[in-house]
Amino acid sequence: QVQLVESGGGLVQAGGSLRLSCAASGRTFSSYTMGWFRQAPGKEREFVASIIWTGGTKDYADSVKGRFTISRDHAKNMVYLQMNSLKPEDTAVYYCAAAVGLRVGVILPRLYDYWGQGSQVTVSS
């Protein structure tokens, strides 16, 4: 059974940085696309970034391009989201997700098969 566990969230001032981690277990993820989503109070869950496990092709939402970086570590079965130049509007619960298949531009939450429990990120102004 696939399990995704996020960590690394917290409170940071605007302009600061955080790194989220996602520990993936239960499968061999070589044929998966991994994604990060976020959901702010009263808003829909939105795509942040994705990476194809094999090959490493990445995709980003326009709102985070140039500030966030997604990466993965094969040996540790980990996915990371490095967040720099954080803004108050980045405040949300951040979720790690996994989709079966190697696909670029998988931005819809309904296309992902597995989800983590979420990690709160709060950016103060």
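Residues numbered from 1 in each chain as written. Predicted model: local features only at pLDDT ≥ 70, side-chain atom pairs only at ≥ 80, totals over all residues. Heavy atoms only, no water.

A. Structural context of the overall build of the protein. Of regular secondary structure, the protein possesses zero helices and eleven strands. Across the protein, helices and strands are ordered from the amino to the carboxyl terminus as β-β-β-β-β-β-β-β-β-β-β. A globule of 125 residues ought to have a C-alpha radius of gyration of about 14 Å, and the protein, at 13 Å, matches this closely. Taken along the three principal axes of its C-alpha coordinates, the protein extends 40 × 25 × 25 Å. Residue burial in the protein is summarised as follows: out of 125 residues, 42% are buried. A separation of at least 24 residues holds for 59% of the contacts in the protein among residues at least 6 apart in sequence. Carbon and sulfur atoms make up 48% of the accessible area of the protein, which totals about 6,100 Å². (Helix = DSSP H or I, 4+ residues; strand = E, 2+ residues; numbered from the N terminus. Rg over C-alpha atoms; globule rule 2.2 N^0.38 Å. Buried < 20%, exposed > 50% of the residue type's maximum accessible area, 1.4 Å probe, protein only. Contact = heavy atoms within 4.5 Å. Areas by Shrake-Rupley, 256 points an atom, 1.4 Å probe, with all protein chains shown as cover.)

B. Focus on the packing of aromatic side chains. As enumerated under the stated definition, the model contains eight aromatic pairs in all. Seen in terms of ring centroids, Tyr-32 and Tyr-114 are 6.5 Å apart; in terms of plane orientation they differ by 35°. Their pairing is tilted. Placement of the pair is Tyr-32 in strand S4 (residues 32–39) and Tyr-114 in strand S10 (residues 114–115), with a sequence separation of 82 residues. The class of Tyr-32 is buried, set by a relative accessible area of 4%. (Phe/Tyr/Trp six-rings, centres within 6.5 Å; stacked < 30°, edge-to-face > 60°.)

C. Quick look at the pattern of salt bridges. With the rule as written, the count across this model stands at four salt bridges. The residue Arg-38 makes a salt bridge to Glu-46 at a minimum N-O spacing of 2.6 Å. Of the charged contacts, one joins Arg-38 and Asp-90 as a salt bridge, the two residues approaching to 2.9 Å between their closest N and O atoms. With Arg-38 in strand S4 and Asp-90 in the loop between strand S8 (78–83) and strand S9 (92–100), this pair connects stretches of sequence that are 52 residues apart. Accessibility classification places Arg-38 together with Asp-90 in one group, the buried group. (Salt bridge = Lys/Arg side-chain N within 4 Å of Asp/Glu carboxyl O.)

D. Summary view of the nonpolar core. By size, the foremost hydrophobic cluster in this structure holds 36 residues, and its most contacted members are Met-34, Trp-36, Leu-81, Met-83 and Tyr-94. Of all the secondary structure elements, the ones that give two or more residues to this core are strand S3 (18–25), S4, strand S5 (46–52), strand S7 (68–73), S8, S9 and strand S11 (119–124). By residue number, the principal contributor to this core is S9, which donates six residues. If near-sequence neighbours (up to four positions away) are discounted, Tyr-94 is found in contact with Glu-6, Leu-20, Trp-36, Phe-37, Arg-38, Val-48, Phe-68, Leu-81, Met-83, Gly-118, Ser-119 and Val-121. (Core = buried A, V, L, I, M, F, W, Y, C linked by side-chain atoms within 4.5 Å.)

E. A look at the sheet that holds S3. Pairing is antiparallel across the open sheet formed by four strands, whose spatial order is S1-S3-S8-S7. Since the sheet does not close on itself, it has two edges, and those belong to strand S1 (3–7) and S7, each with one partner. Along the sheet, successive strands turn relative to each other by an average axial angle of 15°, direction set aside. Sheet topology note: the S3/S8 ladder contains six bridges and is antiparallel. When the sheet's bridge partners are listed, Leu-20 is paired in S8 with Leu-81. (Pairing = 2+ DSSP bridges. Axes fitted to C-alpha atoms, helices over the stretch in contact; angles between N-to-C directions.)

F. Highlighting a nonpolar patch on the surface. Together, Ile-107, Leu-108 and Leu-111 give the surface a local cluster of nonpolar side chains, amounting to about 220 Å² of exposed area. You can see Leu-108 is positioned in the loop between S9 and S10. Among the residues examined, Leu-108 registers a relative accessible area of 37% and is labelled partly exposed. (Patch = residues over 30% accessible without salt bridge, like charges linked within 9 Å, V, L, I, M, F, W, Y side chains within 5 Å.)

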